[in-house]
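Listed below, chain by chain, are the residues.
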Amino acid sequence: MKRAIALGIFALVCAGPAAATIDYRISLKNPEAHRFQVRMSIPNPAPDAQVAIPAWNALYQVRDFSYRVRDVRSSYSVAGDGGATLILPLDKIDKQTWKLGMTGKGTAEVTYSIEWDDAGPFNSQLNEHHAFVNFAEVLMYVPNRLDEAVTVTFDDVPAGWQAIAELPAGAKANSFTAESYDKLVDAPTEIGKAEQFAFDQSGAHFRVVVDGKDWKKDRLEEYLKRITKSELETMGGAPFQEYTFFYHLGPFPEVGGGGMEHSNCTAISGSSVEGAATTSAHEFFHLWNVKRIRPQTLEPVDFAKEQYTRALWFAEGVTSTYGAYTLERTGIWDNGQFYADLAGQISELESRPAHKWQSVEESSLDAWLEKYDDYRQPNRSISYYNKGQIVGEMLDLKIRALTDDHKSLDDVMRAMYAEYPAKGKFYDDSRGIQTVAEEVSGAKLDDFFQNYVAGVTEIPYDEFLAAAGLRLRIDDHVSASLGFVATGRGPGVPVRVSVVEDGSAAQAAGLRAGDVLLGLNGGALPRFLPAWLHDHAPGEKITLHVHRDDKELDVTYALGDIEDKHYAVVEIHDATEKQKRLRNAWLAGRTE
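Residues numbered from 1 in each chain as written. Predicted model: local features only at pLDDT ≥ 70, side-chain atom pairs only at ≥ 80, totals over all residues. Heavy atoms only, no water.

Description of the overall build of the chain
Okay, step 1: Scanning the chain from N- to C-terminus turns up 16 helices and 27 strands.
Okay, step 2: Each principal axis of the C-alpha distribution contributes one length, and for the chain these read about 100 × 60 × 45 Å.
Okay, step 3: Evaluated residue by residue, the chain yields a buried proportion of 54% over its 592 residues.
Okay, step 4: Counting contacts in the chain only where the partners sit at least 6 residues apart, residues at least 24 apart contribute 69% of the total.
Okay, step 5: For the chain, the computed accessible surface area is about 24,600 Å², with 48% contributed by carbon and sulfur atoms.
Okay, step 6: One way to put it: in the chain the 61 positive side-chain charges average out to a point 4 Å from where the 86 negative ones average out. (Helix = DSSP H or I, 4+ residues; strand = E, 2+ residues; numbered from the N terminus. Buried < 20%, exposed > 50% of the residue type's maximum accessible area, 1.4 Å probe, protein only. Contact = heavy atoms within 4.5 Å. Areas by Shrake-Rupley, 256 points an atom, 1.4 Å probe, with all protein chains shown as cover. Lys, Arg positive; Asp, Glu negative; His and termini not counted. Charge placed at Lys NZ, Arg CZ, Asp CG, Glu CD.)

Given below as structure tokens:
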């Protein structure tokens, strides 16, 4: 009799799995405890089924979200009327993976809590004020069922809070659906009392969700209308029906900093509307470059370990090219600001000794090392954002020169979209980019890509700038020194002091490694500190506003001095009419 019952249960639970929806419920009860309570329901788990939580997301850093997980439990409900619910042990396989105890026709349920209270778009947060969820940092997944539809519901939502995501709404309040786990984790969610407004642009609908203090709606809306219009025109229209901008605006300690791209939305944190707009020009372009125009090396996403690609110089750096282009083309920047930005980028690259031996492709591969302070030092690495932006602008000028200004980098981006995502394909890192660029320009570009992308040949800036009647002016002189080295990769990423020079006035004033720079002389922090320094003299007193140990403070001292080079992009006074026409077309984003 006992053997017959056992065989019956075995038959029930070991039948093959059927396609079904994996369901998540996330409780926000007691938000002051900063713990998301998660219940994951898995219908008809297969034999040896496993659940795992990603090791990385949002940043190219293995952050091991599993260390935040606690009290993992499982149960199993046998299918059919009166089916038994069994409490089962989970077999932990490694730091982020668990094996389910039973499988077959029925539903496995995994419950756990995970603690998050970290500000910024790369993190998740739950507190008395609001919740912000990057789902890959909170929700486990079934490794061999990533393509299944999923639903997620927020329970115990505090009164007055609303869940907002760029996902289809579910059947219940504060619930959403997604075609797959990958689609779900590509759409962060804000839950709170955020303000909202909307606008339409070029046939697409935009939502703007703002959790912030003392921000100007009219100013933000005007910036976003300009940015979206320009980039939609550049790329030939919207590959979406609706797009959402999420903003956290306020002091750095409260909101964090930076921007994170997603296919149909972006999350941006910053201290001002102006700073948020600058970051938006970069992040919005990502909906094409990296979210749709995507290297094969990043597909499919492997949540368990690092994914290496040589193409971040294009995916991130050339997106920065278009961030700068958009600010110039929309009039948010004038020509002088655009030239100063390019000069600042060149100054940053040339000031890093590592540019003589680390290529921008190698910098892309080494992205996973950026969490280490020593790696970010000038004599150890360059930034694929920085050199990638420069390479993008130089490639644009070269294509314009080769085609008598009939083609440009804009044509390359549109051709990349037509060749790859429009056909359901991914590109082959730098080789795929070069192939399309050669088709657009009608010329071989082996030397360009071998020298400046795969290699470390010094970039002949004047050779490229001359096509637009520009040149790079370099002055040797004694210039002001800040007395410290700061790092911050990418638009909107917080600038953090990594090294304070021994014996410097900065050290004597109390500046420390690890301080986050929030402002300078009572205003915003300049986009490029090295470029800002060129307009200031040794001995001049400055005041840095910094964040340290959950406090904000001012550090005042006199600038030091150092033998340095000053870079400036300037217009050639005797430029030909042809050079002037190309320059005007380049700055305006058009061709002849």
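Next, the rest of the story.
Brief notes about the sheet that holds strand E10 (residues 131–133)
Okay, step 1: The strand order across the open sheet formed by four strands is E9-E10-E14-E12, and the pairing between neighbours is antiparallel. Single-partner strands in this sheet number two, and they are strand E9 (125–126) and strand E12 (162–165).
Okay, step 2: Note: E10 against strand E14 (residues 189–192), three bridges, orientation antiparallel. Its bridge partner lying in E14, Ala 131 is registered against Ile 191. (Pairing = 2+ DSSP bridges.)

Focus: the confidence of the model for the chain
Okay, step 1: On average, residues of the chain score 92 in pLDDT, and 95% of them are at 70 or above.
Okay, step 2: Segment residues 1–18 is flagged for pLDDT under 50; beyond a separation of four residues in sequence, or across chains, it makes 19 contacts in the model. (pLDDT = per-residue confidence, 0-100.)

Structural notes on the nonpolar core
Okay, step 1: Core analysis: the biggest nonpolar cluster contains 92 residues, and Tyr 247, Trp 313 and Met 394 have the highest contact counts within it.
Okay, step 2: Top element by residues in this core is helix H6 (residues 312–329). It accounts for nine residues.
Okay, step 3: Those residues in contact with Tyr 247, other than ones at most four positions away along the chain, are Val 208, Val 209, Val 210, Asp 211, Leu 220, Leu 224, Ile 268, Ala 276 and Ser 280.
Okay, step 4: Core analysis: the second largest hydrophobic core is formed by 51 residues, Tyr 76, Trp 98, Trp 161 and Ala 187 among them. (Core = buried A, V, L, I, M, F, W, Y, C linked by side-chain atoms within 4.5 Å.)

Here's the deal with the pattern of salt bridges
Okay, step 1: By the definition in use, this model includes 37 salt bridges.
Okay, step 2: In this structure, Asp 186 and Lys 291 form a salt bridge, with 3.1 Å as the shortest nitrogen-oxygen distance. Remark: Lys 291 occurs in the loop between helix H5 (273–285) and H6 and Asp 186 occurs in the loop between helix H2 (181–185) and E14; sequence separation between them is 105 residues.
Okay, step 3: By relative accessible area, Asp 186 is classed as buried at 16%.
Okay, step 4: Assessed through its relative accessible area of 22%, Lys 291 is described here as partly exposed.
Okay, step 5: The salt bridge partner of Glu 419 is Lys 425, with a shortest N-O separation of 2.8 Å. (Salt bridge = Lys/Arg side-chain N within 4 Å of Asp/Glu carboxyl O.)

Details of the pairing of E14
Okay, step 1: Side chains of E14 alternate between two faces, with Thr 189 and Ile 191 and Glu 190 and Gly 192 buried alike.
Okay, step 2: Relative to E14, E12 runs antiparallel, the two being bridged by four bridges. Counterpart to Ile 164 in the pairing with E14 is Glu 190.

Concerning the packing of helix H3 (residues 217–235) against H6
Okay, step 1: Relative orientation of the contacting elements H3 and H6 amounts to 115°, with a least axis distance of 9 Å. At the point where H3 passes H6, the crossing takes the right-handed sense. Of H6, the residues touching H3 (which contributes Ile 227, Ser 230, Glu 231 and Thr 234) are Tyr 322, Thr 326 and Arg 329.
Okay, step 2: A class-by-class count of the residues in the contact of H3 with H6 yields two nonpolar, three polar and two charged. (Axes fitted to C-alpha atoms, helices over the stretch in contact; angles between N-to-C directions. Left-handed = near helix turned anticlockwise from the far one by under 90°. Nonpolar A, V, L, I, M, F, W, Y, C, P; charged D, E, K, R; others polar.)

Overview of the packing of aromatic side chains
The geometry of an aromatic ring pair is captured by the separation of the ring centres together with the interplanar angle, meaning the angle of the planes.
Okay, step 1: For the structure on display, the rule yields 38 aromatic pairs.
Okay, step 2: With a centroid separation of 4.4 Å and an interplanar angle of 5°, the aromatic rings of Phe 285 and Tyr 322 are classed as stacked. Of this pair, Phe 285 sits in helix H5 while Tyr 322 sits in helix H6; the two residues are 37 residues apart in sequence, bridging distant segments of the chain. No difference in accessibility class separates Phe 285 from Tyr 322, as the two residues are buried.
Okay, step 3: Plain terms: the ring middles of Phe 338 and Trp 586 are 5.3 Å apart, the flat faces sit at 75° to each other, and that makes the pair edge-to-face. Of this pair, Phe 338 sits in helix H7 (residues 335–350) while Trp 586 sits in helix H16 (residues 577–588); the two residues are 248 residues apart in sequence, bridging distant segments of the chain.
Okay, step 4: Judged by relative accessible area, which is 2%, Phe 338 ranks as buried.
Okay, step 5: Residue class for Trp 586 comes out buried when judged on its relative accessible area of 1%.
Okay, step 6: The ring centre of Trp 116 lies 3.5 Å from the NZ or CZ of Arg 68, which sits over that ring.
Okay, step 7: Note that Lys 217 overlies the ring of Phe 197, its terminal NZ or CZ placed 4.8 Å from the centroid. (Phe/Tyr/Trp six-rings, centres within 6.5 Å; stacked < 30°, edge-to-face > 60°. Lys NZ or Arg CZ within 6 Å of the ring centre and 35° of its normal.)

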